[in-house]
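So the chains spell out like this:
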Amino acid sequence: MIVSRRWLEALLGRPLDARELAESLTMHAAAVDAVIPRHQDLGDVLIGRVLDVQKHPNADRLSLCRVDAGGAGGPVEVVCGAPNVQAGKTYPYAPVGATLPGGVKLERRKIRGVESNGMLCSAKELGLGEDHAGILELDTTAPPGSRFLDVVPVADHQIVIDVPANRPDLLCHKGVARELAAVLGGTVKLPPIPAPAGGTARAGGDAALGGPRGAPSRRGGGTATAAEPGVAAGRSRPAAATSGVVDGVEVRLEDPEGAPRYMIAVIRGVKVAPSPGWLSGRLTAIGQRSINNVVDATNYILFELNQPLHAFDLAKLNGPAVVVRRAKPGEKIVTLDGLTRTLTSDMTAICDAKRPTIVAGVMGSADSEVSPATTDLVLECAYFQPTRIRRTRRALELSSESSYRFERGIDMLGMPDALRRAIELIVAVAGGELREPPLDLWPEPQQEKTIFLRPERVAHLLGVPVEPAEIERRLTAVGFFLAPKDGRLAVQVPGWRPDVTREVDLIEEVARLKGYDAFPDELRPYRPGTVPDAPEELARARVREGLVRLGLLEARTIPLGPPDGPDSVTILNPLSAEEAHLRRRLLPGLVRRVEHNWANGNRDIRLFEVGTVFRKPAGSPVEEWTSVAAVLTGARQPPHWSQGAKLPDMDIWDLKHHFELAVELAAPGCNVEPATGGEVGWVAVQPGGDVVGQAGPLEADAPAWAVPLFGLEVRLALTGRSPVAYRPLPVQPAVEHDVALVLPAGVSVAQVAAVLQRAVGPLLERLEVFDEYRGAGIPAGHRSVAWHCTFRDPERTLREAEVKAALAQGLVALEDELGVRRREG
Amino acid sequence: MRDLLAALTELRERLQEIPQADERRLQDLKTEILGRKAGTLTQILGRVPKLDPSSRKEVGAAANALKREFEAAFAARERELKRAAGSVTGLDLTMPGRAVWRGGLHLVTQVVNEICDIFRELGFTRAVGPEAETERYNFFALNFPKDHPALDAQDSFYLGDGLLLRTHTSPVQIRTLERYPPPIRVVIPGQVYRRDPFDASHSPVFEQIEGLAVDEGLSFVDFKATLATFARRFFTADTRVRFRPSFFPFTEPSAEMDVQCQICKGAGCATCKQTGWMEILGSGLVHPAVLENCGVSSERYSGFAWGMGPARIAMTRHGIADIRLLHESDVRFLAQFAGGVR
C-alpha cells in the first residue's frame, strides 16, 4: 500500500515529517518498507517572471529574456530557446548553481555569444512530465524569487506500507491517518472537496501546472479553500428488502450471501472529462494513473476511505436494471482488460436484464464502462463476501485494487458515508445531479460488535500494570468505544476493524499503541519445561560430530529431485519436473553435488549429509526418517611435499572404514557384512537380519581426470548408545607372533579369524592382517595372508611354549575346517 | 697446594674461549683441558690424592667444580654448533607441515547449534516433528482460517491424502502441546518448504527454528526479555533490539524483532536497505485459540512463540549474498567454514 505524505497531511491538518511518520507507523501499526521522495529535487528552482523578450542577436530561434527572479541585483538576462516564452508570464527558473533532477548543476555560460544567467525550465527538465516542447507556464500570484516547491505543491513522499492481511483499515489514507493521530496526536478530518472551477471541471495535469502552451489551471491540492458540497447527497434509506427502484433503475439483490449489503446511487447529467489537477495529482502521487473525472473520483474514495466503488453507464444497461446474483455456469463477460472471462456459479455477478456487467468486487465489463459519452451514472457501493471474492479472484486469475480490499473485508457500516462523499465528489468534478437518495439493500443489518475486556487481564498478559484510563485512551484513539459494565469494559469495535474479535485482540491494540518498546525486557524467573531433548536431535548431533571427526564436510542438499523408485513420494504441484519427487535416499543428491564439484574442478571431495528421506509404499501412508550418507573421492590425505607429487587416492578400503564408523555412529549394534550377489560393497545388517545401510562404488558423470567415487548410506537409529564399560588395562606382558597362512579360493579372512579365535580361545587377544600376497610360491587360486597375533593371559605371564601350543591348535582347526595351512619357508 | 689453586684460577679463565670456539678449536680445547691423560685439569685432579689431607678436600672440591663447569660449557657449545650445522644442511622450517583432512559442520548447522545452545541456557530443550505434515497441524490447529491465503496451492507443496510439506516449524508447537503438559520450553529446528523457485534469496527448502514457551503467568515482558536476551548473546551484548507489530494467525499480540544491522551498526547500508535494522524473527504471545485447540486452558496458561531463519542470519552475518551457495555443497565453500585445509 502506497500512501502520500501530503494526502495524510490534508487528513490530519498538520505537516508531517516523512521519516517520523514512517517510524511511527512501523513501530505502532505496520512496517514501512520504503519512503520515496517525489520531486524533492526541485529545491533550487525559483519562480521567475519574464519582464521582456527580445530576439537573440546571433540566433533566430533563441530569445533573450529579462527575468525577475527576486534577486537583490535586479533582473537577470537569460537565453531561452522555447517558442512559448512570453513577457509578463511566470515560469520555473533555475539560477546559476542550481542542481536539477538527474544531478546536473547549472553553470553560467555563453550561448551564441550571449551570457545566460540560469534557465527557464520545461516540465521534462523538472521531471514533472514528458513535455519539453516549451517551458512550463505557471499560474501563480506568488512573488518572483519564491521557491517553486512552496508555490507548486508537487513535492511529496510516497510511504510504502507492508499492510498485514488482518488490517484492511490500513489500505486507505484515512485509516493510516487514524493511526498517526493516535500516535502523534491530532484528529482526522476529511478534507473539503475543492469547489469546481467555473462550474465545470477543467482540463489539467498536475496541480497548478498548466501545459507549456495550454491554459493555466487553478492552484489546488490540500491547501485549497473549503468547498460546500455540490448537491445535498441526501440520506440513503437502509432497507431490509432485497429489491427496490432508484431514479428509474430497478435493483434486485438475489445473492445476499455474496453481497450482504448493496447500495446504488444514480447520478444524471455528468460530463465525463479529464480530472481537475488536484484530483489527478492525488492519484499520481501514489502511483495511480488518472483516467477521467468519474473514474478518478471513485478511485479517490477507494484510496481515501477503503471503499471500492463502481460507476457504470446507465445508458448501457438493459432494463435498465441492476441484478446481483450468482453467475450462471459458463456465463461470459469481457472485462475491462479486454479478456473474455467465463464465470461459474461460485461467483457473484452484477447483471442487467440480459447479461453480467460486473464480476462482483473484481472488475467491470468493457461494455458498461463509463466513456466520454456517458451522462447518467449508476454508482455501486457494496460489501462483497471476502471468501467469495478470493475464490473468484483465484479462479479468474484476476485481481484489482477492489478485489484486494473486498478479500480483506471492508467497513460495512461505513458504506453510506463513503457513498455520500463519493457522490459529492463526482458532482463536484463531473457535474450532474442526484435526484433520489441512494438505495441501500441490507437484508440482515449488522451492528458493531461488542467485546468485553478485563483490565486485569491486560496487565496479566502484558506483564506490566496498565491503568484503565490508559486502556480507554489508547483504544478510543483508534475508534473503539468503551463503556464500563460489571467490572469489565464493554468495547464496541468499529466496522473497519474486522480483525478484532476477542479480548486478546484488544490487548494487542493496547500493547502496540503503547509501543512494544515501552515494555521492559529483563529476564524474570521461569520454571523449567517438561519436554526432554528429542532423541532424533541427539542422534543426529552425535552422527554429525563423528563424521566431522573423520574429516568429512557436511552438505545440505535439496530434498526435491527426480523419481528414485516406485515408492518415491510425488509432489502434486512441483515447481519443475526435475524436482517433482521427495528423495528416498540421500546418495543421489550427494552424487549430484559431487558432479557439481567436479564441474568446478574440485578433485578431492568428502561430503556427508544427515537428512530426512521419504517413502510411500503402495497402499501405505508417507513414511519419513533420518538417513546418514557420505560420498568419498580423491586423495586419502592432503598432499605433502615429503611424499612426492601424488598421494594414494581413496579406494574401497577407505570406504569400508568410513562405513564401519558411520554404522557404529548411526546404527549401533548392526554388523557390516560383504554385499551379496557378487557386488563389491558392504551392507549394514541389524541383529534381526534387516539391512539398514549399504556402501560401494558409485556411478557418476565424471570428468576424465576424476578418480573413483564411493558412497555409503545408513538409516539413523534413535537408540542411544549404551555407556562404554571399562575393561581393565592388562598388567601381564603380551606375546606376539606373526604367521602367514595360505588360503584356498573361497575362504575369507573373516572365516579364518573366526576359526582361529574359537580354536585358540581367550588367550588370543588380537588378530591383525598385515599382508596379502598372491604369486610365486603360492598355488594358483590361493593367497597368502600374513597375521600379527597377540596372545595374553590377564592373570599370568605366558610362556613361549604355551603360545606355540595354542597356535598349533588353531592351525590344526584351520586345516581341518578350511583347508588353510601355514605358509612354508 | 697454593700453586694448584692458582693453576685452577688460571685455568678458569679459559672458560671464556669456549663460546667462540669453532668445532675444531672446541675439540682441541677439550683435549687440552680434559684430555684423558695430558689434560691440564685431568693432571691437576691426578695430583689431588697426593696432597696432604688438610688441603686435599679444598683443592679436590675446587677442581671437580671447575671440571663440571668445563663439561657444561663444552656441551652447550657443542649443541649450539650442532644446531647451526642443522640449518646449514638445509632443514627449511618454513616448509608446510603434514596435514590430515579436516571435516566440518555445515554453516547452517553451526548457526542452528549456536542458536539452540543459547536458548538452552534459557531453559529450552530441542523438539522435532515430521516434515510431511497434515493441513490440520500446519494450518488449522494454528488458527489459520479455512480460506487463508497461505493455504493457496501456489505457496505450499502438496503430497495428497491431506499431507503437505510443512511450510513452517510451527506445527511442532501443536504436537508438543498435545504431548506434554506445561510448563513447556522448547526450540524446534528443522527444514521447511515453500513453493519458491531458487534464486539468490529464495530456496524452496530452508532451515527454520521455532520456539515455544507455555506456562502460568508468562507475559509480554517474559517474551521480550527472552528474545532480546537471545539477540544480545548471539550478536553482541550491546546490540540494540526492537519489537514492532506484525500479524500471524497463531500469535496475538504478534511482533517482529529487528536487531541493529550488524554490517553498518545501525548507520544504514545496502544490507539493511538503509533502515539500520535487520529483521530476525516473527513472534508473539501464543494465540489463545492455539492453546484451546490443544486442550490447554487459555485462561490459566499463556506463553510466547517465535520462528526464525538461521540460513538468513548466517548469510547476513558472514556476508553471503546468494542462498544457493548453502546448498551447492562446493567443498571450497564448505571448507571455509570448517576451518580446514582442502
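Values in this document were obtained by computation on a predicted structure and should not be read as measured data.

Criteria and thresholds
Residues numbered from 1 in each chain as written. Chains lettered and ligands numbered in written order. Predicted model: local features only at pLDDT ≥ 70, side-chain atom pairs only at ≥ 80, totals over all residues. Heavy atoms only, no water. Helix = DSSP H or I, 4+ residues; strand = E, 2+ residues; numbered from the N terminus. Rg over C-alpha atoms; globule rule 2.2 N^0.38 Å. Buried < 20%, exposed > 50% of the residue type's maximum accessible area, 1.4 Å probe, protein only. Contact = heavy atoms within 4.5 Å. Lys, Arg positive; Asp, Glu negative; His and termini not counted. Charge placed at Lys NZ, Arg CZ, Asp CG, Glu CD. Pairing = 2+ DSSP bridges. Axes fitted to C-alpha atoms, helices over the stretch in contact; angles between N-to-C directions. Salt bridge = Lys/Arg side-chain N within 4 Å of Asp/Glu carboxyl O. Phe/Tyr/Trp six-rings, centres within 6.5 Å; stacked < 30°, edge-to-face > 60°. Lys NZ or Arg CZ within 6 Å of the ring centre and 35° of its normal. Parallel < 35°, antiparallel > 145°, perpendicular 65-115°, else oblique. Left-handed = near helix turned anticlockwise from the far one by under 90°. 1 Å grid on protein atoms, 1.4 Å probe; cavity = no way out; pocket = protein on both sides within 12 Å on 5 of 7 lines; lining within 4 Å. Points joined across faces, edges and corners; volume = space filled by probe spheres on them. Nonpolar A, V, L, I, M, F, W, Y, C, P; charged D, E, K, R; others polar. Domains from an automatic or database assignment. Polar contact = N/O pair within 3.5 Å; in protein donor to acceptor, adjacent residues only side chain to side chain.

**Things to note about the overall build of chain A**
On a plain count of helices and strands, chain A comes out with 17 helices and 43 strands. The globule rule puts the C-alpha radius of gyration for 825 residues at 28 Å, and the 43 Å found for chain A is more than 25% above it. The burial tally for chain A puts 52% of its 825 residues in the buried class. A separation threshold of at least 6 residues defines the contact pool for chain A, and within that pool the share at least 24 residues apart is 69%. Computed over 95 positive and 104 negative side-chain charges, the separation of the two mean positions in chain A equals 4 Å.

**Observations concerning the sheet that holds strand S15 (residues 249-253) of chain A**
Paired through backbone hydrogen bonds, the strands of a sheet run either parallel or antiparallel to each other. Residues and elements named next belong to chain A. As summarised here, the arrangement of the six strands in space is S14-S15-S18-S21-S22-S23, forming an open sheet in which the pairing is mixed. In this open sheet, the two strands that pair with only one neighbour each are strand S14 (243-246) and strand S23 (363-364). Across four bridges, S14 lies against S15 in antiparallel orientation. Counted as the bridge partner of serine 243 is arginine 252 from S15.

**A short note on the sheet that holds strand S40 (residues 735-743) of chain A**
Residues and elements named next belong to chain A. With antiparallel pairing, four strands are arranged side by side in an open sheet as S41-S42-S40-S43. Whereas interior strands pair on both sides, the edge strands pair on one side only; in this sheet they are strand S41 (764-773) and strand S43 (821-822). Sitting on the sheet, helix H17 (residues 800-818) touches S40, strand S42 (783-791) and S43, and the angle it makes with S40 is about 20°.

**Description of the pattern of salt bridges**
Residue and element names in this part refer to chain B. Here the structure, examined in full by the defined rule, presents 79 salt bridges over all chains. Put simply, arginine 14 and glutamate 17 hold a salt bridge, and the shortest N to O gap is 2.7 Å. The exposure class assigned to glutamate 17 is partly exposed, which follows from its relative accessible area of 28%. Arginine 175 is paired through a salt bridge with glutamate 133; the nearest N and O atoms lie 2.6 Å apart. Residue arginine 175 is found in helix H7 (residues 171-179), and its partner glutamate 133 is found in strand S2 (residues 132-134); the two are separated by 42 residues along the sequence.

**What to know about the packing of aromatic side chains**
In total, this model carries 23 aromatic pairs over all chains according to the counting rule given. Aromatic side chains B:Phe223 and B:Phe304 sit 6.0 Å apart centroid to centroid with 55° between the ring planes, which places their arrangement in the tilted category. Here B:Phe223 is found in helix H8 (residues 220-234), whereas its partner B:Phe304 is found in strand S10 (residues 301-308), with 81 residues between them in sequence. With respect to burial, B:Phe223 and B:Phe304 carry one shared label: buried. Through a chain of ring-to-ring contacts, three or more aromatic side chains come together here, namely A:Tyr516, A:Phe519, B:Phe119, B:Phe124, B:Phe220, B:Phe223, B:Phe230, B:Phe234, B:Phe235, B:Phe243, B:Phe304 and B:Trp306. Looking at A:Arg178, its charged tip hangs above the ring of A:Trp496, at a distance of 3.7 Å from the centre. Directly above the aromatic system of A:Trp442 lies the positively charged group of A:Arg261, at a separation of 3.6 Å from the ring centroid.

**Examining the packing of helix H5 (residues 277-285) of chain A against helix H6 (residues 293-305) of chain A**
All names here are of chain A. As a packed pair, H5 and H6 sit with axes 10 Å apart at the nearest point and diverge in direction by 50°. Overall, the two elements H5 and H6 adopt an arrangement that is oblique. In the crossing of H5 with H6, the sense of the turn from one axis to the other is left-handed. Where H5 approaches H6, its residues Trp278, Leu279, Arg282 and Leu283 are matched on the opposing element by Asn293, Asp296, Ala297, Asn299, Tyr300 and Phe303.

**Digging into the layout of surface pockets**
For the second largest pocket, the calculated volume is near 1,100 Å³. Around the second largest pocket sit 44 residues that line it, and A:Asn166, A:Arg408, A:Pro498, A:Asp499 and A:Thr501 are the ones nearest its centre. Secondary-structure elements contributing two or more residues to the lining of the second largest pocket are helix H7 (386-396), helix H8 (401-408) and helix H12 (503-514) of chain A together with strand S8 (251-260) of chain B. Classifying every residue of the lining of the second largest pocket gives 18 nonpolar, twelve polar and 14 charged.

**Observations regarding helix H2 (residues 18-28) of chain A**
Burial runs high along H2(A): eight of the eleven residues are buried. Of all the residues in H2(A), the buried ones are A:Ala18, A:Leu21, A:Ala22, A:Ser24, A:Leu25, A:Thr26, A:Met27 and A:His28. Against helix H1 (5-12), strand S2 (32-38), strand S12 (156-161), helix H4 (173-184) and H12 of chain A together with strand S7 (241-245) of chain B lie the buried residues of H2(A).

**Some thoughts on the side chain of B:Ser298**
Looking at the element boundaries, B:Ser298 is found in the loop between helix H9 (288-293) and S10. What makes B:Ser298 buried here is its relative accessible area of 14%.

**A look at the domain arrangement of chain B**
As far as domains go, chain B holds domain 1 (2-88) and domain 2 (107-336). Taking only C-alpha atoms into account, the centre of domain 1 of chain B sits 80 Å from that of domain 2 of chain B.

**Examining the environment of A:Arg796**
All names here are of chain A. With respect to the secondary-structure elements, arginine 796 resides in the loop between S42 and H17. Judged by its relative accessible area of 36%, arginine 796 is partly exposed. In the structure, arginine 796 is positioned 260 residues away from glutamate 536 in sequence and 47 Å away in space, judged by C-alpha atoms. Setting aside anything within four residues of it in sequence, one finds arginine 796 in contact with Gln732 and Glu802. A distance of 3.4 Å separates a polar atom in the side chain of arginine 796 from a polar atom in the side chain of aspartate 793. Within the structure, arginine 796 has its side chain in polar contact with the side chain of glutamate 802 (distance 2.5 Å).

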